[in-house]
Amino acid sequence: MIADHLVAHRGYPARLPENTLPSIEAALQAGARYIEVDVQLSQDGEVILFHDRDLQRLCGQAGAVHDYSWRELQKFYVHPYTDTADTSLYIPIPRLPEVVTLLQQHPEVTLFVELKRISLEQFGVDTVVQQVLPQLHPVASQAVIISYDLAALQRVRQTCDYPIGVVIDVWSQRHQPDIRNLKPEYLFCELESLPLEGELVCEGCKLVLFECTDPQQAVSLLQRGASLIETFAIGEMMSAMTAIDAPPE
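Residues numbered from 1 in each chain as written. Predicted model: local features only at pLDDT ≥ 70, side-chain atom pairs only at ≥ 80, totals over all residues. Heavy atoms only, no water.

K.L.:
Go over the overall build of the protein chain with me, naming the residues and quoting the values.
P.N.:
The helix and strand tally for the protein chain stands at 10 helices and 11 strands. Computed over its C-alpha atoms, the radius of gyration of the protein chain comes to 17 Å, within 12% of the 18 Å expected for a compact globule of 249 residues. Burial status across the protein chain gives 52% buried among its 249 residues. Look at the contacts in the protein chain between residues 6 or more apart in sequence, and 57% of them connect residues 24 or more apart. Carbon together with sulfur atoms contributes 47% to the accessible area of the protein chain, which is approximately 11,100 Å² in total. Computed over 17 positive and 34 negative side-chain charges, the inter-centroid distance for the protein chain is 4 Å. (Helix = DSSP H or I, 4+ residues; strand = E, 2+ residues; numbered from the N terminus. Rg over C-alpha atoms; globule rule 2.2 N^0.38 Å. Buried < 20%, exposed > 50% of the residue type's maximum accessible area, 1.4 Å probe, protein only. Contact = heavy atoms within 4.5 Å. Areas by Shrake-Rupley, 256 points an atom, 1.4 Å probe, with all protein chains shown as cover. Lys, Arg positive; Asp, Glu negative; His and termini not counted. Charge placed at Lys NZ, Arg CZ, Asp CG, Glu CD.)

Following this line, the structure appears as structure tokens:
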């Protein structure tokens, strides 16, 4: 099935603001079997969903997530992926437990949780890991922890049995000894760095590529060896890829 090869990247940003509860709900309604979200800590240690290092692009506010308490962040709204005058599409920033509650209703869905580097830098690896992991216990069998930060993933390895995924921007980085030693279950890679042709070999783990909204390209990447493709447009991609050709099971 096509849904088994696509990851709803930050929910469904092509339709609703990224990393928000309605966006994730829309992705699930579209048939997503994999959801990826980003988490950071507020000033007072609440685990919230947010991607960027600052609030400007998504909320039109100065500063970063860690500059504000959870109570203050509740006053901000995430703007849509595309420009619109419809302020009803401006949606509050959610906390991780809200997503966990939603995912408990969808036990067939895998949740990729990215630990953002800005929070790891601000609060330290131990604090972030200690705050995030307990909140995932209700969906422990569904959760995968991912990050660019290898020290954070190593700490997760030492703390629990959650699968992990290393995120890289350059294809050649997969050979780094520190990454190999972690033995991640998943490797996330920016697709623009890939060779233009040939098999995509990722020994010992599943290869996840981001970000793709071209269905023909996605089918080709799956045929070359990718396991999963991240997309902002989960529903459109599922429909278009089904019309082109079913990827290998």
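Let us keep going from here.
K.L.:
Quick one: what's the story with the pattern of salt bridges, residue by residue and with numbers?
P.N.:
Two side chains bearing opposite charge may form a pair once their charged atoms approach each other closely. Tallied over the entire structure, the rule returns 12 salt bridges. Residues Glu18 and Arg10 are paired through a salt bridge, measuring 3.1 Å at the closest nitrogen-oxygen approach. No difference in accessibility class separates Glu18 from Arg10, as the two residues are buried. The partner of Asp38 in a salt bridge is Arg10, with the nearest N and O atoms 3.8 Å apart. (Salt bridge = Lys/Arg side-chain N within 4 Å of Asp/Glu carboxyl O.)

K.L.:
Could you give an account of the nonpolar core, naming the residues involved and the relevant values?
P.N.:
Ile35, Leu115, Leu136 and Leu209 are the most contacted members of the largest nonpolar core, which totals 68 residues. With residues near it in sequence (within four places) discarded, Leu115 still touches Val39, Leu120, Val128, Val129, Val132, Ile145, Ile146, Ser147, Ala152 and Val156. Ile48, Phe50, Leu55 and Ile93 belong to the second largest nonpolar core, which has 12 residues in total. (Core = buried A, V, L, I, M, F, W, Y, C linked by side-chain atoms within 4.5 Å.)

K.L.:
So, the pairing of strand E1 (residues 6-9): which residues are in play, and what are the values?
P.N.:
Along any regular strand the residues' side chains alternate between the sheet's two faces. Judged by which residues are buried, E1 turns out to be covered on both faces: Leu6 and Ala8 on one side and Val7 and His9 on the other are all buried. Judged from the 3 bridges that link them, E1 and strand E11 (residues 228-231) form a sheet pairing that is parallel. The partner of Val7 across the bridge, within E11, is Glu230. Two elements, E1 and strand E2 (residues 34-41), share 2 bridges in a ladder whose sense is parallel. Each bridged residue has a counterpart across the sheet, and for His9 the counterpart in E2 is Glu36. (Pairing = 2+ DSSP bridges.)

K.L.:
Pulling in residues and values, what's your account of the layout of surface pockets?
P.N.:
Approximately 260 Å³ is the volume found for the largest pocket. Secondary-structure elements contributing two or more residues to the lining of the largest pocket are E2 and helix H5 (117-123). Per-element accounting of the lining of the largest pocket gives the leading share, 3 residues, to E2. Partitioned by chemical class, the residues of the lining of the largest pocket number 6 nonpolar, 3 polar and 9 charged. Volume-wise, the second largest pocket comes out at about 210 Å³. Across the lining of the second largest pocket, the residue classes break down as 6 nonpolar, 2 polar and 4 charged. (1 Å grid on protein atoms, 1.4 Å probe; cavity = no way out; pocket = protein on both sides within 12 Å on 5 of 7 lines; lining within 4 Å. Points joined across faces, edges and corners; volume = space filled by probe spheres on them. Nonpolar A, V, L, I, M, F, W, Y, C, P; charged D, E, K, R; others polar.)

K.L.:
An account of the packing of aromatic side chains is requested, with residue identities and associated values reported.
P.N.:
This model, assessed by the stated rule, comprises 4 aromatic pairs. Taking 5.1 Å as the distance between ring centres and 85° as the angle between the ring planes, the aromatic pair formed by Phe112 and Tyr186 counts as edge-to-face. In this pair, Phe112 is assigned in strand E6 (residues 110-115) and Tyr186 in strand E9 (residues 186-190), connecting sequence segments 74 residues apart. Residues Phe112 and Tyr186 agree in their burial class; the two are buried. Arranged with centres 5.1 Å apart and planes meeting at 85°, the rings of Phe112 and Phe188 form a pair that is edge-to-face. Pair noted here: Phe112 is in strand E6 and Phe188 is in strand E9, with a separation of 76 residues, a long-range link. Taking the relative accessible area as the measure of exposure, Phe188 reaches 1% and is therefore buried. Aromatic rings pair up to connect Tyr34, Phe112, Tyr186 and Phe188 into one cluster. The ring of Tyr148 is capped by Arg117, whose NZ or CZ atom sits 4.0 Å from the centre of that ring. (Phe/Tyr/Trp six-rings, centres within 6.5 Å; stacked < 30°, edge-to-face > 60°. Lys NZ or Arg CZ within 6 Å of the ring centre and 35° of its normal.)

K.L.:
Any details on unusual backbone geometry? Residues and values, ideally.
P.N.:
Going from Phe210 to Glu211, the amide bond is cis rather than trans, its omega being -10°. Residue placement: Glu211 occurs in the loop between strand E10 (206-210) and helix H9 (215-224). The backbone phi angle of Arg10 is positive, close to 60°, even though this residue is not glycine. In this structure, Arg10 sits in the loop between E1 and helix H1 (21-29). Arg10 gets classed as buried once you look at its relative accessible area, which sits at 10%. The phi angle at Lys183 is positive, at roughly 50°, despite the residue not being glycine. Relative to the helices and strands, Lys183 resides in the loop between helix H8 (177-182) and E9.

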